[in-house]
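# Summary of the model geometry
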Amino acid sequence: MNTIQPRVFSGVQPTGNLHLGNYLGAIKRFVALQDDHDCIYCVVDMHSITVQMVHEDLADQTREVTAAFLAAGIDPEKHIVFNQSRVPQHAELAWIFNCVARMGWLNRMTQFKEKAGKDRENASVGLFAYPTLMAADILAYRATHVPVGDDQKQHLELTRDIAQKFNNDFSDRIAELGVGVEMMVGEEKVNGFFPLTEPLIEGPAPRVMSLRDGTKKMSKSDPSDLSRINLTDDADTIAKKIRKAKTDPAPLPSEVEGLKERPEAENLVTIFAALAETSRSAVISDFGGRQFSDFKPALAELAVEKLAPIAAEMRRISGDRAYVDGILKRGGERAEAEAEQVMKVARKIIGLLRD
Ligand code: TYM
(Lines give C-alpha, C1' and ligand atoms only; values in the text may rest on other atoms or scores of the structure.)
Protein backbone atom coordinates (compact mmCIF):
# COMPACT_ATOMS: atom_id res chain seq x y z
CA MET A 1 0.00 0.00 0.00
CA ASN A 2 2.88 2.37 -0.39
CA THR A 3 1.62 3.98 -3.54
CA ILE A 4 -1.69 5.51 -4.36
CA GLN A 5 -2.88 4.58 -7.83
CA PRO A 6 -4.75 7.28 -9.70
CA ARG A 7 -8.41 6.43 -9.36
CA VAL A 8 -11.62 8.24 -10.22
CA PHE A 9 -14.69 8.09 -7.97
CA SER A 10 -17.99 9.89 -8.33
CA GLY A 11 -21.58 9.50 -7.20
CA VAL A 12 -25.09 10.53 -8.22
CA GLN A 13 -28.13 10.51 -5.96
CA PRO A 14 -31.17 8.49 -6.96
CA THR A 15 -33.67 11.23 -6.14
CA GLY A 16 -35.98 12.54 -8.81
CA ASN A 17 -35.32 12.90 -12.47
CA LEU A 18 -31.83 13.11 -13.81
CA HIS A 19 -31.50 16.26 -15.86
CA LEU A 20 -29.24 17.90 -18.40
CA GLY A 21 -27.10 19.43 -15.61
CA ASN A 22 -26.36 15.98 -14.17
CA TYR A 23 -25.55 14.75 -17.65
CA LEU A 24 -23.30 17.58 -18.86
CA GLY A 25 -21.73 18.40 -15.49
CA ALA A 26 -21.12 14.82 -14.40
CA ILE A 27 -22.23 11.68 -16.28
CA LYS A 28 -20.93 12.70 -19.72
CA ARG A 29 -17.57 13.37 -18.10
CA PHE A 30 -17.61 10.06 -16.23
CA VAL A 31 -17.82 8.40 -19.65
CA ALA A 32 -14.88 10.38 -21.03
CA LEU A 33 -12.64 9.56 -18.06
CA GLN A 34 -13.01 5.81 -18.56
CA ASP A 35 -10.53 5.62 -21.40
CA ASP A 36 -7.48 6.38 -19.34
CA HIS A 37 -8.53 5.96 -15.71
CA ASP A 38 -9.60 3.30 -13.32
CA CYS A 39 -13.13 4.47 -12.33
CA ILE A 40 -15.74 3.74 -9.68
CA TYR A 41 -19.22 5.17 -10.22
CA CYS A 42 -21.73 4.92 -7.44
CA VAL A 43 -25.47 5.48 -7.09
CA VAL A 44 -25.46 7.08 -3.64
CA ASP A 45 -28.73 5.79 -2.21
CA MET A 46 -27.77 6.47 1.41
CA HIS A 47 -27.35 10.15 0.60
CA SER A 48 -30.91 10.22 -0.71
CA ILE A 49 -32.46 9.42 2.67
CA THR A 50 -30.98 12.49 4.34
CA VAL A 51 -33.81 14.80 3.28
CA GLN A 52 -36.66 12.35 2.90
CA MET A 53 -36.45 9.06 4.75
CA VAL A 54 -39.35 7.25 3.09
CA HIS A 55 -39.05 6.81 -0.68
CA GLU A 56 -41.42 4.22 -2.03
CA ASP A 57 -39.50 4.14 -5.27
CA LEU A 58 -35.91 4.35 -3.96
CA ALA A 59 -34.99 0.96 -5.44
CA ASP A 60 -36.46 1.86 -8.83
CA GLN A 61 -34.75 5.22 -8.86
CA THR A 62 -31.48 3.51 -8.00
CA ARG A 63 -32.02 1.29 -11.03
CA GLU A 64 -32.88 4.30 -13.18
CA VAL A 65 -29.65 6.14 -12.38
CA THR A 66 -27.75 2.92 -13.06
CA ALA A 67 -29.54 2.63 -16.41
CA ALA A 68 -28.52 6.24 -17.18
CA PHE A 69 -24.87 5.44 -16.41
CA LEU A 70 -24.96 2.44 -18.73
CA ALA A 71 -26.99 4.19 -21.46
CA ALA A 72 -24.54 7.09 -21.47
CA GLY A 73 -21.70 4.64 -22.10
CA ILE A 74 -20.18 3.66 -18.75
CA ASP A 75 -18.66 0.20 -18.98
CA PRO A 76 -19.50 -1.83 -15.85
CA GLU A 77 -17.01 -4.55 -16.72
CA LYS A 78 -13.88 -2.42 -17.08
CA HIS A 79 -14.97 -0.12 -14.26
CA ILE A 80 -17.07 -0.51 -11.12
CA VAL A 81 -20.75 0.50 -10.99
CA PHE A 82 -22.69 -0.14 -7.78
CA ASN A 83 -25.05 1.37 -5.23
CA GLN A 84 -23.61 2.73 -2.02
CA SER A 85 -25.74 0.84 0.53
CA ARG A 86 -24.27 -2.49 -0.61
CA VAL A 87 -20.88 -1.55 0.76
CA PRO A 88 -21.08 -0.99 4.53
CA GLN A 89 -17.53 0.37 4.64
CA HIS A 90 -18.90 3.74 3.43
CA ALA A 91 -20.98 4.14 6.59
CA GLU A 92 -18.18 2.83 8.77
CA LEU A 93 -15.64 5.28 7.41
CA ALA A 94 -18.23 8.08 7.56
CA TRP A 95 -18.52 7.48 11.30
CA ILE A 96 -14.77 7.75 11.69
CA PHE A 97 -14.83 10.97 9.65
CA ASN A 98 -17.63 12.31 11.87
CA CYS A 99 -15.05 12.13 14.60
CA VAL A 100 -12.37 13.81 12.46
CA ALA A 101 -14.45 16.67 11.01
CA ARG A 102 -15.25 19.66 13.24
CA MET A 103 -18.69 21.12 13.81
CA GLY A 104 -17.40 24.46 12.56
CA TRP A 105 -16.41 22.94 9.21
CA LEU A 106 -19.83 21.44 8.65
CA ASN A 107 -21.58 24.58 9.87
CA ARG A 108 -20.05 26.40 6.92
CA MET A 109 -21.52 24.11 4.27
CA THR A 110 -23.79 26.18 2.06
CA GLN A 111 -25.65 23.17 0.70
CA PHE A 112 -26.80 22.27 4.22
CA LYS A 113 -27.99 25.82 4.78
CA GLU A 114 -29.89 25.79 1.49
CA LYS A 115 -31.45 22.38 2.01
CA ALA A 116 -32.29 22.80 5.68
CA GLY A 117 -33.82 26.22 4.98
CA LYS A 118 -35.19 28.20 7.89
CA ASP A 119 -36.09 25.21 10.01
CA ARG A 120 -32.58 23.99 10.80
CA GLU A 121 -33.57 22.48 14.13
CA ASN A 122 -35.77 20.07 12.27
CA ALA A 123 -33.23 18.95 9.65
CA SER A 124 -31.93 15.40 10.03
CA VAL A 125 -28.53 14.82 11.59
CA GLY A 126 -27.83 12.86 8.40
CA LEU A 127 -28.31 16.00 6.29
CA PHE A 128 -25.85 17.88 8.49
CA ALA A 129 -23.29 15.07 8.35
CA TYR A 130 -23.86 14.40 4.63
CA PRO A 131 -20.40 15.74 3.61
CA THR A 132 -18.58 13.28 5.89
CA LEU A 133 -20.36 10.40 4.14
CA MET A 134 -19.34 11.93 0.83
CA ALA A 135 -15.71 12.09 2.00
CA ALA A 136 -15.99 8.44 3.04
CA ASP A 137 -17.39 7.45 -0.38
CA ILE A 138 -14.29 8.88 -2.00
CA LEU A 139 -11.63 7.93 0.52
CA ALA A 140 -12.85 4.36 1.09
CA TYR A 141 -11.16 3.78 -2.28
CA ARG A 142 -8.38 6.30 -1.74
CA ALA A 143 -9.68 7.94 -4.92
CA THR A 144 -7.48 10.67 -6.31
CA HIS A 145 -9.83 12.39 -8.78
CA VAL A 146 -13.50 13.26 -8.46
CA PRO A 147 -15.46 14.62 -11.45
CA VAL A 148 -18.43 16.70 -10.26
CA GLY A 149 -20.40 19.80 -11.13
CA ASP A 150 -19.53 23.14 -9.61
CA ASP A 151 -22.11 22.79 -6.79
CA GLN A 152 -20.01 20.06 -5.12
CA LYS A 153 -16.84 22.15 -4.83
CA GLN A 154 -17.20 22.95 -1.14
CA HIS A 155 -17.84 19.29 -0.26
CA LEU A 156 -14.64 18.29 -2.02
CA GLU A 157 -12.65 20.92 -0.15
CA LEU A 158 -14.02 19.42 3.05
CA THR A 159 -12.97 15.95 1.84
CA ARG A 160 -9.42 17.26 1.49
CA ASP A 161 -9.58 18.87 4.95
CA ILE A 162 -10.73 15.58 6.48
CA ALA A 163 -7.96 13.59 4.74
CA GLN A 164 -5.38 16.12 5.82
CA LYS A 165 -6.50 16.16 9.45
CA PHE A 166 -6.62 12.36 9.60
CA ASN A 167 -3.12 12.13 8.09
CA ASN A 168 -1.86 14.73 10.51
CA ASP A 169 -3.57 13.39 13.67
CA PHE A 170 -2.34 9.87 12.98
CA SER A 171 1.02 10.70 11.43
CA ASP A 172 2.96 8.69 14.03
CA ARG A 173 0.79 5.59 13.62
CA ILE A 174 0.93 5.88 9.83
CA ALA A 175 4.74 6.03 9.99
CA GLU A 176 4.94 3.21 12.55
CA LEU A 177 2.78 0.93 10.42
CA GLY A 178 4.61 1.99 7.26
CA VAL A 179 1.33 2.59 5.42
CA GLY A 180 1.84 6.18 4.34
CA VAL A 181 2.76 7.66 1.00
CA GLU A 182 4.57 10.90 0.38
CA MET A 183 2.40 13.75 -0.76
CA MET A 184 2.71 17.49 -1.03
CA VAL A 185 0.58 19.68 1.22
CA GLY A 186 1.24 23.16 -0.11
CA GLU A 187 5.02 23.43 -0.09
CA GLU A 188 5.46 20.74 2.52
CA LYS A 189 6.14 17.05 1.90
CA VAL A 190 4.10 14.85 4.26
CA ASN A 191 3.50 11.18 4.75
CA GLY A 192 -0.20 10.44 4.66
CA PHE A 193 -2.59 7.55 4.27
CA PHE A 194 -5.53 9.26 2.55
CA PRO A 195 -4.82 11.18 -0.65
CA LEU A 196 -5.78 14.82 -1.01
CA THR A 197 -8.33 14.27 -3.70
CA GLU A 198 -8.38 16.55 -6.74
CA PRO A 199 -11.81 17.82 -7.76
CA LEU A 200 -12.33 17.70 -11.52
CA ILE A 201 -14.76 20.56 -11.99
CA GLU A 202 -14.16 21.18 -15.63
CA GLY A 203 -15.58 20.62 -19.07
CA PRO A 204 -17.70 23.20 -20.83
CA ALA A 205 -20.70 23.01 -18.49
CA PRO A 206 -19.82 22.57 -14.80
CA ARG A 207 -22.89 24.64 -13.90
CA VAL A 208 -25.93 24.32 -16.15
CA MET A 209 -28.54 26.91 -15.23
CA SER A 210 -32.33 26.76 -15.08
CA LEU A 211 -34.13 27.34 -18.38
CA ARG A 212 -36.52 29.69 -16.56
CA ASP A 213 -33.93 31.76 -14.69
CA GLY A 214 -30.32 31.94 -15.84
CA THR A 215 -29.13 32.94 -12.38
CA LYS A 216 -30.36 29.70 -10.74
CA LYS A 217 -28.82 26.26 -11.09
CA MET A 218 -30.78 23.64 -13.04
CA SER A 219 -32.02 21.38 -10.29
CA LYS A 220 -34.24 18.38 -9.70
CA SER A 221 -35.94 20.19 -6.84
CA ASP A 222 -37.14 23.19 -8.89
CA PRO A 223 -40.96 23.04 -8.80
CA SER A 224 -41.17 24.00 -12.49
CA ASP A 225 -40.49 21.09 -14.83
CA LEU A 226 -39.96 23.69 -17.58
CA SER A 227 -36.78 24.77 -15.77
CA ARG A 228 -34.93 21.59 -16.72
CA ILE A 229 -34.56 19.00 -19.46
CA ASN A 230 -34.92 15.56 -17.95
CA LEU A 231 -32.95 12.72 -19.45
CA THR A 232 -36.21 10.85 -19.94
CA ASP A 233 -38.03 13.70 -21.76
CA ASP A 234 -39.25 12.85 -25.25
CA ALA A 235 -38.34 14.89 -28.34
CA ASP A 236 -41.48 17.06 -28.25
CA THR A 237 -40.99 17.90 -24.57
CA ILE A 238 -37.35 18.83 -25.13
CA ALA A 239 -38.31 21.06 -28.07
CA LYS A 240 -41.11 22.69 -26.07
CA LYS A 241 -38.87 23.42 -23.06
CA ILE A 242 -36.21 25.01 -25.26
CA ARG A 243 -38.85 27.05 -27.12
CA LYS A 244 -40.18 28.31 -23.81
CA ALA A 245 -36.73 28.90 -22.27
CA LYS A 246 -36.39 32.43 -20.94
CA THR A 247 -34.23 34.75 -23.08
CA ASP A 248 -33.67 38.48 -23.45
CA PRO A 249 -34.86 40.40 -26.51
CA ALA A 250 -31.41 41.11 -28.06
CA PRO A 251 -29.92 38.85 -30.76
CA LEU A 252 -26.94 36.64 -29.84
CA PRO A 253 -23.73 38.68 -29.52
CA SER A 254 -20.97 38.41 -32.08
CA GLU A 255 -18.29 37.82 -29.40
CA VAL A 256 -18.27 35.49 -26.37
CA GLU A 257 -17.64 38.53 -24.13
CA GLY A 258 -21.08 39.81 -25.14
CA LEU A 259 -22.65 36.96 -23.14
CA LYS A 260 -21.62 38.60 -19.86
CA GLU A 261 -24.61 39.99 -17.95
CA ARG A 262 -26.88 37.89 -20.18
CA PRO A 263 -27.24 34.73 -18.05
CA GLU A 264 -29.96 33.06 -20.10
CA ALA A 265 -28.16 33.60 -23.40
CA GLU A 266 -24.91 32.42 -21.86
CA ASN A 267 -26.58 29.28 -20.52
CA LEU A 268 -28.13 28.30 -23.86
CA VAL A 269 -24.86 28.88 -25.72
CA THR A 270 -23.00 26.84 -23.09
CA ILE A 271 -25.49 23.98 -23.39
CA PHE A 272 -25.14 24.06 -27.18
CA ALA A 273 -21.33 23.97 -26.95
CA ALA A 274 -21.33 21.12 -24.42
CA LEU A 275 -23.76 19.00 -26.42
CA ALA A 276 -21.93 19.66 -29.69
CA GLU A 277 -18.54 19.11 -28.01
CA THR A 278 -17.28 22.42 -29.28
CA SER A 279 -16.40 25.78 -27.74
CA ARG A 280 -18.68 28.68 -26.98
CA SER A 281 -16.74 30.82 -29.42
CA ALA A 282 -17.41 28.29 -32.19
CA VAL A 283 -21.14 28.49 -31.37
CA ILE A 284 -20.98 32.29 -31.39
CA SER A 285 -19.15 32.33 -34.69
CA ASP A 286 -22.04 30.32 -36.20
CA PHE A 287 -24.94 32.07 -34.46
CA GLY A 288 -23.60 35.51 -33.48
CA GLY A 289 -25.97 38.28 -34.51
CA ARG A 290 -28.87 35.88 -35.04
CA GLN A 291 -32.15 35.89 -33.16
CA PHE A 292 -33.17 33.30 -30.56
CA SER A 293 -35.94 32.32 -32.96
CA ASP A 294 -33.16 30.90 -35.19
CA PHE A 295 -30.96 29.58 -32.42
CA LYS A 296 -33.56 27.77 -30.32
CA PRO A 297 -34.73 25.35 -33.06
CA ALA A 298 -31.08 24.48 -33.79
CA LEU A 299 -30.45 23.87 -30.09
CA ALA A 300 -33.61 21.76 -29.80
CA GLU A 301 -32.57 19.66 -32.78
CA LEU A 302 -29.10 19.13 -31.33
CA ALA A 303 -30.45 18.26 -27.87
CA VAL A 304 -32.88 15.72 -29.32
CA GLU A 305 -30.15 14.23 -31.50
CA LYS A 306 -27.84 13.76 -28.49
CA LEU A 307 -30.34 12.90 -25.76
CA ALA A 308 -32.99 10.80 -27.52
CA PRO A 309 -30.66 7.80 -28.03
CA ILE A 310 -29.71 7.91 -24.34
CA ALA A 311 -33.36 8.06 -23.28
CA ALA A 312 -34.21 5.12 -25.58
CA GLU A 313 -31.29 3.09 -24.25
CA MET A 314 -32.28 3.95 -20.66
CA ARG A 315 -35.79 2.63 -21.34
CA ARG A 316 -34.40 -0.53 -22.89
CA ILE A 317 -31.99 -1.19 -20.01
CA SER A 318 -34.55 -0.31 -17.32
CA GLY A 319 -36.87 -2.92 -18.84
CA ASP A 320 -34.35 -5.61 -17.91
CA ARG A 321 -34.40 -5.35 -14.16
CA ALA A 322 -32.48 -8.59 -13.60
CA TYR A 323 -29.64 -7.27 -15.75
CA VAL A 324 -29.42 -3.97 -13.83
CA ASP A 325 -29.63 -5.70 -10.45
CA GLY A 326 -26.90 -8.12 -11.54
CA ILE A 327 -24.58 -5.24 -12.48
CA LEU A 328 -25.12 -3.57 -9.09
CA LYS A 329 -24.59 -6.79 -7.19
CA ARG A 330 -21.36 -7.65 -8.97
CA GLY A 331 -20.18 -4.05 -8.79
CA GLY A 332 -20.96 -4.02 -5.07
CA GLU A 333 -18.87 -7.12 -4.47
CA ARG A 334 -15.91 -5.67 -6.34
CA ALA A 335 -16.26 -2.32 -4.57
CA GLU A 336 -16.49 -3.96 -1.16
CA ALA A 337 -13.31 -5.94 -1.75
CA GLU A 338 -11.48 -2.71 -2.58
CA ALA A 339 -12.96 -0.70 0.30
CA GLU A 340 -12.22 -3.44 2.81
CA GLN A 341 -8.51 -3.30 1.97
CA VAL A 342 -8.48 0.39 2.80
CA MET A 343 -10.63 -0.05 5.93
CA LYS A 344 -8.39 -2.79 7.31
CA VAL A 345 -5.53 -0.32 7.35
CA ALA A 346 -7.68 2.59 8.58
CA ARG A 347 -8.89 0.51 11.57
CA LYS A 348 -5.30 -0.43 12.41
CA ILE A 349 -4.17 3.17 12.22
CA ILE A 350 -6.88 4.22 14.66
CA GLY A 351 -6.36 1.23 16.94
CA LEU A 352 -9.82 -0.33 16.65
CA LEU A 353 -9.45 -3.90 17.77
CA ARG A 354 -10.32 -6.38 15.02
CA ASP A 355 -8.73 -9.65 14.01
P1 TYM B 1 -26.23 15.08 -7.21
O2 TYM B 1 -26.88 13.74 -7.22
O3 TYM B 1 -27.02 16.25 -6.76
O4 TYM B 1 -25.72 15.43 -8.67
C5 TYM B 1 -24.96 14.50 -9.43
C6 TYM B 1 -23.89 15.24 -10.21
O7 TYM B 1 -24.50 16.20 -11.09
C8 TYM B 1 -23.88 17.47 -10.91
N9 TYM B 1 -24.87 18.52 -11.16
C10 TYM B 1 -24.70 19.53 -12.04
N11 TYM B 1 -23.69 19.83 -12.86
C12 TYM B 1 -23.83 20.92 -13.64
N13 TYM B 1 -24.94 21.72 -13.63
C14 TYM B 1 -25.98 21.47 -12.80
N15 TYM B 1 -27.06 22.24 -12.80
C16 TYM B 1 -25.88 20.32 -11.94
N17 TYM B 1 -26.71 19.76 -11.03
C18 TYM B 1 -26.08 18.68 -10.54
C19 TYM B 1 -23.42 17.46 -9.46
O20 TYM B 1 -22.41 18.42 -9.23
C21 TYM B 1 -22.94 16.04 -9.30
O22 TYM B 1 -21.61 15.91 -9.82
N23 TYM B 1 -23.29 15.01 -3.17
C24 TYM B 1 -23.40 14.56 -4.55
C25 TYM B 1 -23.34 13.06 -4.72
C26 TYM B 1 -22.17 12.39 -4.09
C27 TYM B 1 -20.84 12.38 -4.59
C28 TYM B 1 -20.11 11.56 -3.67
C29 TYM B 1 -20.21 12.96 -5.68
C30 TYM B 1 -22.19 11.64 -2.97
N31 TYM B 1 -20.95 11.13 -2.71
C32 TYM B 1 -18.74 11.35 -3.84
C33 TYM B 1 -18.85 12.75 -5.85
C34 TYM B 1 -18.13 11.94 -4.94
C35 TYM B 1 -24.75 15.02 -5.08
O36 TYM B 1 -25.68 15.22 -4.35
O37 TYM B 1 -24.83 15.03 -6.43
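As a starting point, this report considers the structure included with it. (Residues numbered from 1 in each chain as written. Predicted model: local features only at pLDDT ≥ 70, side-chain atom pairs only at ≥ 80, totals over all residues. Heavy atoms only, no water.)

### Let's talk about the packing of helix α9 (residues 235–244) against helix α12 (residues 292–318)
- Running from N to C, α9 and α12 cross one another at 150 degrees; their axes reach a closest spacing of 9 Å. Relative to α12, α9 is oriented so that their crossing is right-handed. The residues of α12 that touch α9, namely those facing Ala235, Ile238, Ala239, Ile242, Arg243 and Lys244, are Lys296, Leu299, Ala300, Ala303, Val304 and Leu307.
- Of the residues belonging to the contact of α9 with α12, the class tally is nine nonpolar, no polar and three charged. (Axes fitted to C-alpha atoms, helices over the stretch in contact; angles between N-to-C directions. Helix = DSSP H or I, 4+ residues; strand = E, 2+ residues; numbered from the N terminus. Left-handed = near helix turned anticlockwise from the far one by under 90°. Contact = heavy atoms within 4.5 Å. Nonpolar A, V, L, I, M, F, W, Y, C, P; charged D, E, K, R; others polar.)

### Details of the site of the ligand
- Residues in contact with the ligand amount to 28 residues; listed here are only the nearest, Tyr130, Asp137, Gly149, Asp151 and Val208.
- Gln13 is positioned with one of its backbone polar atoms (N or O) 2.9 Å from an oxygen atom of the ligand.
- Within the side chain of Asp151, one N or O atom sits 2.4 Å away from an oxygen atom of the ligand.
- Within the residue set of the shell around the ligand, elements represented by two or more residues are β1 (8–12), α1 (20–33) and α6 (125–139). (Near = heavy atom within 4 Å. Polar contact = N/O pair within 3.5 Å; in protein donor to acceptor, adjacent residues only side chain to side chain.)

### Here we look at the environment of Ala101
- Examined against the element boundaries, Ala101 turns out to sit in the loop between α3 (89–100) and α4 (103–107).
- Taking the relative accessible area as the measure of exposure, Ala101 reaches 7% and is therefore buried.
- Distance in space between the C-alpha atoms of Ala101 and Asp137 is 15 Å, their sequence separation being 36 residues.
- Every residue in contact with Ala101, bar those within four places of it in the chain, is listed here: Thr132 and Ile162. (Buried < 20%, exposed > 50% of the residue type's maximum accessible area, 1.4 Å probe, protein only.)

### Overview of the pattern of salt bridges
- Summed over the entire model, instances satisfying the criterion amount to 27 salt bridges.
- Of the charged contacts, one joins Glu313 and Arg316 as a salt bridge, the two residues approaching to 2.8 Å between their closest N and O atoms. Of this pair, Glu313 and Arg316 both sit in helix α12, three residues apart, which is roughly one turn of the helix.
- A relative accessible area of 26% places Glu313 in the partly exposed class.
- Relative accessible area serves as the criterion here: at 56%, Arg316 is assigned to the exposed category.
- Each of the salt bridges in this network shares a partner with another, and the network as a whole consists of Asp60, Arg63, Arg321 and Asp325. (Salt bridge = Lys/Arg side-chain N within 4 Å of Asp/Glu carboxyl O.)

### Structural notes on α9
- Those residues of α9 lying buried are Ile238, Lys241 and Ile242. Buried residues along α9 cover an arc of 95 degrees about the axis, so they all sit on one side. Exposed residues on α9 whose side chains face more than 90 degrees from its buried face are Asp236 and Arg243.
- Those residues of α9 hidden inside the fold are in contact with α12. (Arc of directions from axis to C-beta.)

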